[in-house]
Amino acid sequence: MGAGMKILIIGGGGREHALASAIARSPLLEKLYVAPGNPGTASIATNIPLRATDIACIVSFAIEHQVDLVIPGPEAPLVAGIADACARAGIACCGPSAAAAQLEGSKRFTKELADAANIPTAAWDVFDDADAAHDYIEEMGAPIVIKADGLAAGKGVVVALTLEEAHAAITAIMEDKIHGAAGAQVVIEECLEGEEISLFALCDGLDALYLGVAADHKRVGDGDTGPNTGGMGAISPPPWATPAIIADTMARIIRPALAEMVARGTPFRGFLFAGLMLEPDGPKLIEFNVRFGDPECETILPLLNSDLLPALRAATNGTLATASLTWQNAASATVVLCSRGYPGAYATGGEIYGLEEAARLPGVSIFHAGTMADQGGILANGGRVLAINATGVGLPQAVARAYAAVDTIEWSDGFCRRDIGKRAIFLSENLS
Ligand code: AMP
Ligand code: GLY
């Protein structure tokens, strides 16, 4: 091809730093922008001081700088219509339209789609009346899962182990309206049991290209204790995600969902994230997200051998069927360093030392998530601050390398989970 590609990544977290790192290696790249980016992306791309949801300014920037491809990281700009705005401006965007982003924006939408496409998922019902919802859980019993229909910053799901908790969740969401309009409708569903995995696919509307599988560690504390977070660490591939399970998920969940989206006139383009529960009779869909996961992206992309950019471009022009990716036959682990107090209140501004030394350790990649540059130093500037990734020949080596990097970093206000990958390693050693 002729001149190289100008690429604009939207977002400023660890996921976007990992995407930028992969794209920065592409021989097809001419210029890489990230809006707003972070100190990590600043070292490999040009940061543009625009908020991820400032769609009009982002599109103006893309037009002015002749950007060939926009890659949104987070869901907010997608739900707000960034792909539609790019389409109107004639700019390729590796992300779904606002209509297709309903796959993440509305739990009810996804459950209806799953039923229509015969996708295995938990039995469910939807309510806009609190009394009816209270009656339903009395009838169904506990454990039971209560979900605010709309986007609730990852906090809209309650897995209620008792009827008391379930009633309290309905009261909080529907009567006290703790998530505002996102809780006007509530999906109530059967509680699934098993190992959880996240499977990623790149989609061009009709076709899907498998992008890898990971297991997140959502709870803040070791041993999966404490409140939910955006993700404290991840491993790839989790030992329980067998090739058969991956093939089954692509065939029975990802492809039927894409076909149903086409049938509805809202084809899905971009990163599709399937949250799955592995039950004895096969994978069940928990939810879709319309973006790469964070920290799953930081965990999967370091395993990529080939150039990501041709596949991303193919996802925007309907030629994904001819694209392919090659992966290292290795394991990957990410440990997220957080500000003490996260996911509750935390202080920012503490200085972090040792990052360059840590990044030189074997197999290690360091992705900035919530940092700020200050006179040559790096300060904490968020809840999830750094994603420390390492690859290795197997999961034990990947995990050991990631923690070796963590232990090289000095940051007095930081903490991390100390058991990322521990259960997976234990299960592999004791099952095989
Ligand atoms: P979400 O905020 O939609 O990612 O859901 C948060 C978490 O709730 C999921 O990652 C699961 O661990 C759990 N969850 C959601 N739906 C179910 C379900 N039907 N059964 C069991 N756990 C669930
Ligand atoms: N780590 C889970 C997510 O990105 O939603």
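The present account deals with the structure reproduced in this document. (Residues numbered from 1 in each chain as written. Chains lettered and ligands numbered in written order. Predicted model: local features only at pLDDT ≥ 70, side-chain atom pairs only at ≥ 80, totals over all residues. Heavy atoms only, no water.)

### Remarks on the overall build of the protein chain
Reasoning step 1: Each helix and strand in the protein chain was counted, giving 15 helices and 23 strands.
Reasoning step 2: Its C-alpha atoms give the protein chain a radius of gyration of 21 Å, within 12% of the compact-globule value 22 Å for 432 residues.
Reasoning step 3: With 432 residues in all, the protein chain has 57% of them scored as buried. (Helix = DSSP H or I, 4+ residues; strand = E, 2+ residues; numbered from the N terminus. Rg over C-alpha atoms; globule rule 2.2 N^0.38 Å. Buried < 20%, exposed > 50% of the residue type's maximum accessible area, 1.4 Å probe, protein only.)

### Brief notes about the site of ligand 1
Reasoning step 1: Taken together, the neighbourhood of ligand 1 is formed by 15 residues, with Glu189, Glu190, Leu192, Glu196 and Glu287 sitting nearest.
Reasoning step 2: Between an oxygen atom of ligand 1 and a side-chain N or O atom of lysine 107, the distance comes to 3.1 Å.
Reasoning step 3: Every element with two or more residues in the shell around ligand 1 is listed here: strand S7 (144-148), strand S8 (157-160), strand S9 (186-190) and strand S16 (282-289).
Reasoning step 4: Across the shell around ligand 1, the residue classes break down as 8 nonpolar, no polar and 7 charged. (Near = heavy atom within 4 Å. Polar contact = N/O pair within 3.5 Å; in protein donor to acceptor, adjacent residues only side chain to side chain. Nonpolar A, V, L, I, M, F, W, Y, C, P; charged D, E, K, R; others polar.)

### A short note on helix H12 (residues 309-317)
Reasoning step 1: Taken residue by residue, H12 has Leu309, Ala311, Leu312, Ala314 and Ala315 as its buried positions.
Reasoning step 2: Looking one or two residues past H12, glycine 318 carries a phi angle of roughly 75°, positive in sign.

### A short note on the site of ligand 2
Reasoning step 1: In the vicinity of ligand 2, the contacting residues are Asp216, Gly230, Phe273, Arg291, Gly293, Asp294, Pro295 and Glu296.
Reasoning step 2: A distance of 3.0 Å separates a nitrogen atom of ligand 2 from a polar atom in the backbone of glycine 230.
Reasoning step 3: At 2.8 Å, a side-chain N or O of arginine 291 approaches an oxygen atom of ligand 2.
Reasoning step 4: Look at ligand 2: alone it shows 200 Å² of surface, and the protein chains cover 86% of it.
Reasoning step 5: For the shell around ligand 2, a count of residues per class yields 2 nonpolar, 2 polar and 4 charged. (Areas by Shrake-Rupley, 256 points an atom, 1.4 Å probe, with all protein chains shown as cover.)

### Brief notes about the packing of aromatic side chains
Two aromatic rings, taken as a pair, are described by how far apart their centres are and by the angle between their planes.
Reasoning step 1: Applying the stated rule across the entire model yields 5 aromatic pairs.
Reasoning step 2: Geometrically, the ring pair formed by tyrosine 33 and phenylalanine 61 is edge-to-face, given 4.9 Å between the ring centres and 85° between the ring planes. With tyrosine 33 in strand S2 (residues 29-36) and phenylalanine 61 in helix H3 (residues 55-64), the pair connects residues that are 28 residues apart, well separated along the chain.
Reasoning step 3: Assessed through its relative accessible area of 11%, phenylalanine 61 is described here as buried.
Reasoning step 4: Taking 4.8 Å as the distance between ring centres and 35° as the angle between the ring planes, the aromatic pair formed by phenylalanine 200 and phenylalanine 292 counts as tilted. With phenylalanine 200 in strand S10 (residues 195-204) and phenylalanine 292 in the loop between S16 and helix H11 (296-300), this residue pair connects regions lying 92 residues apart in the sequence. Each member of the pair, phenylalanine 200 together with phenylalanine 292, is buried.
Reasoning step 5: Taken together, the ring pairs in this structure connect Phe200, Phe271, Phe273 and Phe292 into an aromatic cluster. (Phe/Tyr/Trp six-rings, centres within 6.5 Å; stacked < 30°, edge-to-face > 60°.)

### Details of a nonpolar patch on the surface
Reasoning step 1: A surface patch of nonpolar side chains, amounting to about 260 Å² of accessible area, comprises Val157, Val159 and Leu161.
Reasoning step 2: Tracing the chain through its elements places valine 159 in strand S8. (Patch = residues over 30% accessible without salt bridge, like charges linked within 9 Å, V, L, I, M, F, W, Y side chains within 5 Å. Salt bridge = Lys/Arg side-chain N within 4 Å of Asp/Glu carboxyl O.)

### With respect to the nonpolar core
If you look at soluble globular proteins, the nonpolar side chains tend to sit buried side by side.
Reasoning step 1: If you look at the biggest cluster of nonpolar residues, it comprises 83 residues, and the most contacted ones within it are Leu8, Val70, Leu103, Ile254, Phe268, Phe288 and Ile352.
Reasoning step 2: In terms of residues, this core owes the most to one element, helix H10 (residues 243-263), which gives 8 residues.
Reasoning step 3: Contacts of isoleucine 352, omitting those with residues within four sequence positions, involve Ile378, Leu379, Ala380, Val385, Leu386, Ile409, Glu410 and Trp411.
Reasoning step 4: Counting 38 residues, the second largest nonpolar core, distinct from the first, contains Ile7, Ala18, Ile71 and Leu325. (Core = buried A, V, L, I, M, F, W, Y, C linked by side-chain atoms within 4.5 Å. Contact = heavy atoms within 4.5 Å.)

### Notes on the pairing of strand S14 (residues 233-236)
The two faces of a sheet get side chains in turn, since along a regular strand they alternate between them.
Reasoning step 1: Of the two faces of S14, the one holding Gly233 and Ile235 and the one holding Ala234 and Ser236 are both buried throughout.
Reasoning step 2: Both strand S11 (residues 208-216) and S14 contribute to a ladder of 2 bridges, which runs antiparallel. Looking at S14, one finds that aspartate 216 is bridged to alanine 234.
Reasoning step 3: Note: S14 against strand S17 (residues 331-339), 4 bridges, orientation antiparallel. (Pairing = 2+ DSSP bridges.)

### Side note on the environment of asparagine 118
Reasoning step 1: The residue asparagine 118 is located in the loop between helix H7 (107-116) and strand S6 (124-127) in this model.
Reasoning step 2: You can call asparagine 118 exposed: its relative accessible area is 68%.

### Notes on the side chain of histidine 368
Reasoning step 1: Along the chain, histidine 368 falls in strand S19 (residues 364-368).
Reasoning step 2: Given the relative accessible area of 9%, histidine 368 is considered buried.
Reasoning step 3: For histidine 368, the residues in contact, after removing those within four places along its chain, are Gly13, Gly14, His17, Asn38, Pro39, Gly40, Leu355, Ile378, Val385 and Leu386.

### Let's talk about a negative patch on the surface
Reasoning step 1: There is a patch of like negative charges on the surface, built from Asp128, Asp129, Asp131, Asp135, Glu138, Glu139, Glu175 and Asp176.
Reasoning step 2: Looking at which element gives the most residues to the negative patch, the answer is helix H8 (residues 130-140), with 4 residues.
Reasoning step 3: Relative to the assigned elements, glutamate 138 resides in helix H8.
Reasoning step 4: Judged by relative accessible area, which is 48%, glutamate 138 ranks as partly exposed. (Lys, Arg positive; Asp, Glu negative; His and termini not counted. Charge placed at Lys NZ, Arg CZ, Asp CG, Glu CD.)

### Here we look at the packing of H8 against helix H9 (residues 163-175)
Between two packed helices, the angle of one axis relative to the other and the distance separating the axes together describe the packing.
Reasoning step 1: Between H8 and H9, the shortest axis-to-axis distance is 10 Å and the interhelical angle comes to 165°. It follows from the interaxial angle that H8 and H9 lie roughly antiparallel. Like other packed secondary-structure pairs, H8 and H9 cross with a definite hand, here right-handed. Counting all contacts with H8, which are made through Ala130, Ala133, His134, Ile137 and Glu138, the residues of H9 involved are Leu163, Ala166, His167, Ile170, Thr171, Met174 and Glu175.
Reasoning step 2: Grouping the amino acids of the contact of H8 with H9 by side-chain chemistry returns 7 nonpolar, 3 polar and 2 charged. (Axes fitted to C-alpha atoms, helices over the stretch in contact; angles between N-to-C directions. Parallel < 35°, antiparallel > 145°, perpendicular 65-115°, else oblique. Left-handed = near helix turned anticlockwise from the far one by under 90°.)

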